[in-house]
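Topology and contacts: notes
Below, each chain spelled out in residue letters.
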Amino acid sequence: MRADLTTPWVSAAFAVEPGEVLAVVGPNGAGKSTLLRALAGLQPATGSLEIGGVDVLHAPPHQRRVGWVPQDRLLFEHLSALGNVSYGIRRRAAAQAWLDRLGVGQLADRRPAQLSGGEAARVALARALAPEPDLLLLDEPLAALDAATRDDVRRLLRQVLSGGWAAVLVVTHDPVDVVSLADRLLVLEDGRVVQDSTPQEVVRAPRTAWTAALLGQNAWRGTTDERGLRVDGGGHVLVAEPLPAGLPALALAEPSAVTLHRRAPEGSARNVLTGAVTEVRALGGRVRVVVRSTPAVVAEVTVASAADLRLADGGLVHAAVKATEVRLVRV
């Protein structure tokens, strides 16, 4: 999918490959939902929108092969879950198969008012996926869910979207969604694209203060063990509250929880990651420091600490973060 769109509120050009997940992020009013509505054909726009090599910008919504899950889901209240999913495809067997795949097949006869938030989210996703669209649009799909349900639906989304046939755009404000679901980030501010790159690159070098605040935490992907996380690409992260071993997960830690030392620290259970200082940049009243350890780590320290440690000179440092400051999230 390739888009070069302009509306009265948004101007954006980008591309998304089949099976790729692009997270659209930005402050309130940046134009995220407007962009999705323009792609879905619900918002007038000029420019081009190529899906499957065909410009469909002037085609009506039902001819674009676009799946759409709005923030409020908009399930038809007078239809059952099965009726909602089969509405656009008229194939009840295929609709039931999608409900089964998303873990709500036993609720096929229930109407939306009889579903929990997590169940309704799954039905809405099934309805969007059942026609097998070339482009899937998700607007804050987890926003209204409680924490436990959000984790369950997020894992389900990752399983469904991984290696899929559709290009996917997902609007979110949750940094866990970004690092667990997205292959790339499209950052919007004031209706314009200000960054289009991987989550790792945005964490390392955010171009705006808002983005730094959203994704300003360390996120290490790997597999759980009895003490924490074996990080993909090497290294281990110790946590105070491990998950069962053998699960794919993310270990998350705020850069402000990372302390830097020229000598290896001692004391309570902590992770000590040693590496070279590769970047030092001012961020408001603090200093953001990237350390090329295994795994790499980002710290935020005071200006005084940066000066005392002579971080501008580079060299090796020891980055420490207590096990109690690291949390694990299944993905």
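Our structure is the block above this text.
The rules behind each value
Residues numbered from 1 in each chain as written. Predicted model: local features only at pLDDT ≥ 70, side-chain atom pairs only at ≥ 80, totals over all residues. Heavy atoms only, no water. Pairing = 2+ DSSP bridges. Helix = DSSP H or I, 4+ residues; strand = E, 2+ residues; numbered from the N terminus. Axes fitted to C-alpha atoms, helices over the stretch in contact; angles between N-to-C directions. Contact = heavy atoms within 4.5 Å.

With that out of the way, let us pick up the sheet that holds strand β12 (residues 228-231). The strand order across the open sheet formed by five strands is β13-β12-β11-β14-β20, and the pairing between neighbours is antiparallel. Each edge of the open sheet carries a strand with a single partner, namely β13 (236-238) and β20 (327-330). The sheet shows a mean angle of 40° between the axes of neighbouring strands, taken without regard to direction. Across three bridges, strand β11 (residues 218-224) lies against β12 in antiparallel orientation. Bridging across to β12, T223 finds its partner in R230.

Tracing the backbone shows N84 in helix α2 (residues 81-86). If near-sequence neighbours (up to four positions away) are discounted, N84 is found in contact with L75, F76, L79, P112, V123 and R127.

What follows deals with the sheet that holds strand β15 (residues 259-261). Adjacent strands of a sheet form backbone hydrogen bonds with each other and so pair up, either parallel or antiparallel. The strand order across the open sheet built from five strands is β15-β19-β16-β17-β18, with neighbouring strands paired in antiparallel fashion. Edge positions in the open sheet fall to β15 and β18 (297-302), since each of these has one partner strand only. Recorded for the sheet is a direction-independent mean angle of 45° between the axes of neighbouring strands. Note: strand β16 (residues 270-283) against strand β17 (residues 286-292), seven bridges, orientation antiparallel. From the neighbouring strand, L283 faces β17, where its bridge partner is R286.

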